[in-house]
Each structure stands twice: as structure tokens, then as C-alpha cells.
Amino acid sequence: MKRAIYPGSFDPLTFGHLDIIERSAKMVDELNVAVLRNNAKNPLFSVEERVSMIKELTAQMPNVTVSTFDGLTADYARQIQATIIVRGLRAVTDFEYELQIAQTNHVVNPQVDTIFLTTNLKYSYLSSTIVKEVASYGGDISKFVPEAVVQRVYDKFNISR
Ligand code: ADP
């Protein structure tokens, strides 16, 4: 049984995240999308709101589960017996940081390896931060996030469409 974990903030989930979920779920028996409980980041959505959106959007994917975690990804991977950490790479700027994290995780938990999926070219510019920035000015975010997420983001900024 090959279990992988895809950790992140997902504040909110974008088409870029969804693409990584769809592609990596095909490579493993079970993919656990793990939302980091990180109060320091001052998120737009609560962890519970993020989990509920991700569950809704992955409902048709039978081997995808959603959970939350605290602390080190490598420790959480050990806890749920996942041996693979999935991360997405958008640009070289992601690489240095991701490499450091991957190596640290492997030292903390030698049973775990990180695999990187390169971003789909269509979404290489896309980040949750950009979505929030565009939405805060009332811009169209329908090309960035699934329909189920669009209105929830506008609601946070008190924007009606
Ligand atoms: P974090 O705060 O851990 O970076 P994010 O929610 O921003 O969490 O991202 C989670 C993962 O998804 C990271 O591996 C990130 O590189 C990847 N990711 C984010 N946006 C995209 C995208 N547009 N294409 C591919 N991967 C992405």
C-alpha cells in the first residue's frame, strides 16, 4: 500500500493544486491532502473551511483523503504511515527552498521521500496569494480557482458578482 501526503496551506485551493492532486493520485494507492494548521500565516480561510472545500472538490476521486496536521510534515507522514511527500514546483525560485525542506524531511524521517511534480504550464504563474490579491480588487478569479471556490473567496472580501 503506497500512501502519499500532499501538504500545503491551500488558502484557497487553486487549479494548480487540483492539477497536482489529480496527477499524483494516479501514482499512488492513497493520496492524503494535508492542510497545515499554521496560525502564524493569518489565513483568509479557516482550516475547517479549507478542508471542506478540498473535500468537495475531490469527492469524485476515490483514493484521495483530506486531513489537517500540525508540526513537521515528516513527523505527520510517519504518523499516518505515508512514505511519499508530494510537492509542486512552479519555477526555479521554488526549487532551493523545496530542496532544503525535502532533505530535512528525509533526515527527520528516513522512510519518507519527496517527489516533485512540475507545474502544468497553464498554471505556472498561479498561487493562492495571487488569487487573493486579484479578488481583493474585485478582479475575475474564475480562471484561477474552481467555481465552488470563487464565490467563497469574493464573500471574504465582501464582493458581490
Ligand atoms: P505552502 O504554504 O506549503 O507552499 P501552498 O498551498 O502554497 O502551500 O502550496 C502547496 C504545494 O502546492 C506546494 O508544493 C506548491 O509548490 C504547490 N503549488 C502551488 N501552486 C501551484 C501551481 N500553480 N502549480 C503547481 N504546484 C503548485
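The structure under discussion appears in the preceding block.
The structure displayed is predicted, hence computed values, not measured ones.

1. Quick look at the overall build of the protein
Moving on, step 1. Each helix and strand in the protein was counted, giving 6 helices and 5 strands.
Moving on, step 2. Computed over its C-alpha atoms, the radius of gyration of the protein comes to 16 Å, within 12% of the 15 Å expected for a compact globule of 161 residues.
Moving on, step 3. Per-residue burial over the protein gives 44% buried out of 161 residues.
Moving on, step 4. Relative to all contacts within the protein whose residues are 6 or more apart in sequence, the contacts with residues 24 or more apart total 73%.

2. Thoughts on the environment of alanine 135
Moving on, step 1. Assignment of secondary structure puts alanine 135 in helix α5 (residues 128-136).
Moving on, step 2. With 26 residues separating them along the chain, alanine 135 and arginine 161 place their C-alpha atoms 11 Å apart.

3. Considering the nonpolar core
Moving on, step 1. Of all hydrophobic cores here, the largest spans 21 residues; its most connected members are Tyr6, Ile21, Leu31 and Val33.
Moving on, step 2. Of all the elements in the fold, those that place two or more residues in this core are β1 (3-8), α1 (15-25), β2 (30-36), α2 (47-57), β3 (64-69) and β4 (84-89).
Moving on, step 3. The contact partners of tyrosine 6, leaving out residues within four places of it in the chain, are His17, Ile20, Ile21, Leu31, Asn32, Val33, Ala34, Val86 and Arg87.
Moving on, step 4. Membership of the second largest hydrophobic core comes to 13 residues, among which are Met53, Ile141, Val145 and Val150.

4. Brief notes about the environment of valine 150
Moving on, step 1. By the element assignment, valine 150 lies in helix α6 (residues 147-156).
Moving on, step 2. By relative accessible area, valine 150 is classed as buried at 1%.
Moving on, step 3. With sequence-adjacent residues up to four places away left out, valine 150 is seen in contact with Ile141, Ser142, Val145 and Arg161.

5. Remarks on the pairing of β2
Moving on, step 1. When you tally the buried positions in β2, you get 6 out of 7 residues, the bulk of the element.
Moving on, step 2. Bridge count between β1 and β2: 6 bridges; the pairing is parallel. Paired with glycine 8 across the bridge in β2 is valine 35.
Moving on, step 3. Each parallel crossover has a hand, and the one from β1 via α1 to β2 is right-handed.
Moving on, step 4. Sheet topology note: the β2/β3 ladder contains 6 bridges and is parallel. For leucine 36, the partnering residue across the bridge sits in β3 and is phenylalanine 69.

6. Observations concerning unusual backbone geometry
What is expected of a backbone is that most residues other than glycine have negative phi and most peptide bonds are trans.
Moving on, step 1. Geometrically, the link from aspartate 11 to proline 12 is a cis peptide bond, its omega value of 0 degrees lying close to zero.
Moving on, step 2. Following the sequence through the fold, proline 12 ends up in the loop between β1 and α1.
Moving on, step 3. One non-glycine residue with positive phi stands out, namely phenylalanine 10, at about 50 degrees.
Moving on, step 4. Inspection of the secondary structure puts phenylalanine 10 in the loop between β1 and α1.
Moving on, step 5. Exposure remark for phenylalanine 10: the relative accessible area of 3% places this residue in the buried category.
Moving on, step 6. For asparagine 158, which is not a glycine, the phi torsion comes out positive at approximately 55 degrees.
Moving on, step 7. Inspection of the secondary structure puts asparagine 158 in the segment after α6.
Moving on, step 8. Taking the relative accessible area as the measure of exposure, asparagine 158 reaches 73% and is therefore exposed.

7. Remarks on the site of the ligand
Moving on, step 1. Contacts to the ligand come from 15 residues, most closely from Tyr6, Ser9, Lys41, Gly88 and Tyr123.
Moving on, step 2. At 3.2 Å from an oxygen atom of the ligand is found a side-chain nitrogen or oxygen belonging to histidine 17.
Moving on, step 3. Between the ligand and leucine 126, the relevant distance is 3.0 Å, taken from a nitrogen atom to a main-chain nitrogen or oxygen of the residue.
Moving on, step 4. Protein coverage of the free-state accessible area of the ligand, which is 550 Å², stands at 88%.
Moving on, step 5. Of all elements in the fold, only β1, α1 and β4 reach the threshold of two or more residues within the shell around the ligand.
Moving on, step 6. Its residues placed into classes, the shell around the ligand shows 6 nonpolar, 6 polar and 3 charged.

Cut-offs applied
Residues numbered from 1 in each chain as written. Predicted model: local features only at pLDDT ≥ 70, side-chain atom pairs only at ≥ 80, totals over all residues. Heavy atoms only, no water. Helix = DSSP H or I, 4+ residues; strand = E, 2+ residues; numbered from the N terminus. Rg over C-alpha atoms; globule rule 2.2 N^0.38 Å. Buried < 20%, exposed > 50% of the residue type's maximum accessible area, 1.4 Å probe, protein only. Contact = heavy atoms within 4.5 Å. Core = buried A, V, L, I, M, F, W, Y, C linked by side-chain atoms within 4.5 Å. Pairing = 2+ DSSP bridges. Right-handed = clockwise from strand over helix to strand, strands pointing away. Near = heavy atom within 4 Å. Polar contact = N/O pair within 3.5 Å; in protein donor to acceptor, adjacent residues only side chain to side chain. Areas by Shrake-Rupley, 256 points an atom, 1.4 Å probe, with all protein chains shown as cover. Nonpolar A, V, L, I, M, F, W, Y, C, P; charged D, E, K, R; others polar.

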